[in-house]
Amino acid sequence: MIDAEMYGMMPNAKIEKNIAWSGSCVSSVDGPSKPGYTERFETSGLGAPDIVLIHGGTNDFNHNFGGTGKEIPNTDGYYYEDEVPASVMQKLFDTPIDQLNTMNFLDAYVKLIKLIHEAHPSARIVIVIGDRPPEAMEHGMQQIADHYDFVKAVDFRAAGYNNLPKFEGSHPTKEGHWTMATKIYNELGSWLMGGA
């Protein structure tokens, strides 16, 4: 059972806005009826956040590579099982926002980070890496976090995220969310509250 002790992590924090839903993708692979995070951010914004948590990638992998036959590459020429070289990631970092292809996962992720930072330059962004995306996607998300000084990653794939209590699939229970919050706070709490 979880009690009020959990609120001691960041007792003055409040949720500003949630633009995700079950099945959300970072990319726009599902088309206009289910826009990706980048399109939803541009449409609805995030309010005025100090901290932005992005737990994305699971559905991008499931929808693109999980038996649907779409298998769209995560950036030009690289599929989800292919690790993207640092030189290719640098090309994405250097690409103007309006030229990034949001049908591709890593392109869409970089665009989302750029859009958030442009709108909220003082916000700190946490990339939450889940357990379902393959190692190549994990590596790409980590490269994004390493590239920007206002972004950090917390990697549940490497930490055995599969062991979290879940309702089904990748949806954690209350106890699972407590475990996630604890790990994020233990790794990044000082940084999230303004520390170096």
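Our structure is the block above this text.
Let me sum up the structure you'll find in this document. (Residues numbered from 1 in each chain as written. Predicted model: local features only at pLDDT ≥ 70, side-chain atom pairs only at ≥ 80, totals over all residues. Heavy atoms only, no water.)

A closer look at the pairing of strand β3 (residues 151–155)
Okay, step 1: In terms of residue burial, β3 counts as a mostly covered element, since four of its five residues are buried.
Okay, step 2: Where strand β2 (residues 124–129) and β3 come together, five bridges link them in parallel fashion. Bridge pairing in β3 places I127 opposite A153.
Okay, step 3: Handedness of the crossover joining β2 and β3 through helix α5 (residues 135–147) is recorded here as right-handed. (Buried < 20%, exposed > 50% of the residue type's maximum accessible area, 1.4 Å probe, protein only. Helix = DSSP H or I, 4+ residues; strand = E, 2+ residues; numbered from the N terminus. Pairing = 2+ DSSP bridges. Right-handed = clockwise from strand over helix to strand, strands pointing away.)

Comments concerning helix α1 (residues 37–44)
Okay, step 1: Within the span of α1, buried status applies to Y37, T38, R40 and F41. One side of α1 holds all its buried residues, which, seen down the axis, span an arc of 165°.
Okay, step 2: Structurally, α1 contributes buried residues whose contacts are with β1 (51–54) and α4 (105–119). (Arc of directions from axis to C-beta. Contact = heavy atoms within 4.5 Å.)

Regarding the packing of helix α3 (residues 86–94) against α5
Okay, step 1: At their nearest, the axes of α3 and α5 sit 11 Å apart, and the two run at 55° to each other. Classed by the angle they form, the pair α3 and α5 counts as oblique. Seen from above, α3 lies across α5 with right-handed handedness. Counted together, A86, M89, Q90 and F93 of α3 and G140, Q143, I144 and H147 of α5 form the full contact between these two elements.
Okay, step 2: Class assignment of the residues belonging to the contact of α3 with α5 gives a composition of four nonpolar, four polar and no charged. (Axes fitted to C-alpha atoms, helices over the stretch in contact; angles between N-to-C directions. Parallel < 35°, antiparallel > 145°, perpendicular 65-115°, else oblique. Left-handed = near helix turned anticlockwise from the far one by under 90°. Nonpolar A, V, L, I, M, F, W, Y, C, P; charged D, E, K, R; others polar.)

So, the pattern of salt bridges
Okay, step 1: In the structure shown here, the tally under the stated rule is three salt bridges.
Okay, step 2: Across the pair D131 and K166 runs a salt bridge whose closest N-O atoms are separated by 3.0 Å. With a gap of 35 residues between them, D131 in the loop between β2 and α5 and K166 in strand β4 (residues 166–168) connect regions that are remote in the sequence. Exposure class is identical for D131 and K166. Each is buried.
Okay, step 3: Of the charged contacts in the structure, one is a salt bridge between R157 and E138, with a shortest N-O distance of 3.0 Å. In this pair, R157 is assigned in the loop between β3 and β4 and E138 in helix α5, connecting sequence segments 19 residues apart.
Okay, step 4: Residue classification places R157 among the partly exposed positions, given a relative accessible area of 30%.
Okay, step 5: Among the residues examined, E138 registers a relative accessible area of 11% and is labelled buried. (Salt bridge = Lys/Arg side-chain N within 4 Å of Asp/Glu carboxyl O.)

Quick word on the sheet that holds β2
Okay, step 1: The three strands are arranged β1-β2-β3 in an open sheet whose pairing can be described as parallel. The open sheet has two free edges, formed respectively by β1 and β3, since each of these has just one partner strand. Across the sheet, the mean angle separating the axes of adjacent strands is 20° when strand polarity is ignored.
Okay, step 2: Here β1 pairs with β2 via four bridges, running parallel. If you follow I51 over to β2, its bridge partner there is R124.

Details of the nonpolar core
A general trend in soluble globular proteins is that nonpolar side chains are found buried together.
Okay, step 1: Counting 36 residues, the largest nonpolar core has I54, Y109, I113, I127 and I144 as its most contacted members.
Okay, step 2: For this core, the secondary structure elements donating two or more residues are α1, β1, α3, α4, β2, α5 and β3.
Okay, step 3: Tallying contributions element by element places α4 first for this core, with nine residues.
Okay, step 4: V154, I184, W191 and L192 belong to the second-largest nonpolar core, a separate cluster that totals ten residues. (Core = buried A, V, L, I, M, F, W, Y, C linked by side-chain atoms within 4.5 Å.)

Regarding α3
Okay, step 1: When α3 is considered as a whole, its buried residues turn out to be V88, M89, L92 and F93. Seen end-on, α3 carries its buried residues on one side only, within an arc spanning 150°. Within α3, the exposed residues directed more than 90 degrees away from the buried face are S87, K91 and D94.
Okay, step 2: Those residues of α3 hidden inside the fold are in contact with α4 and α5.

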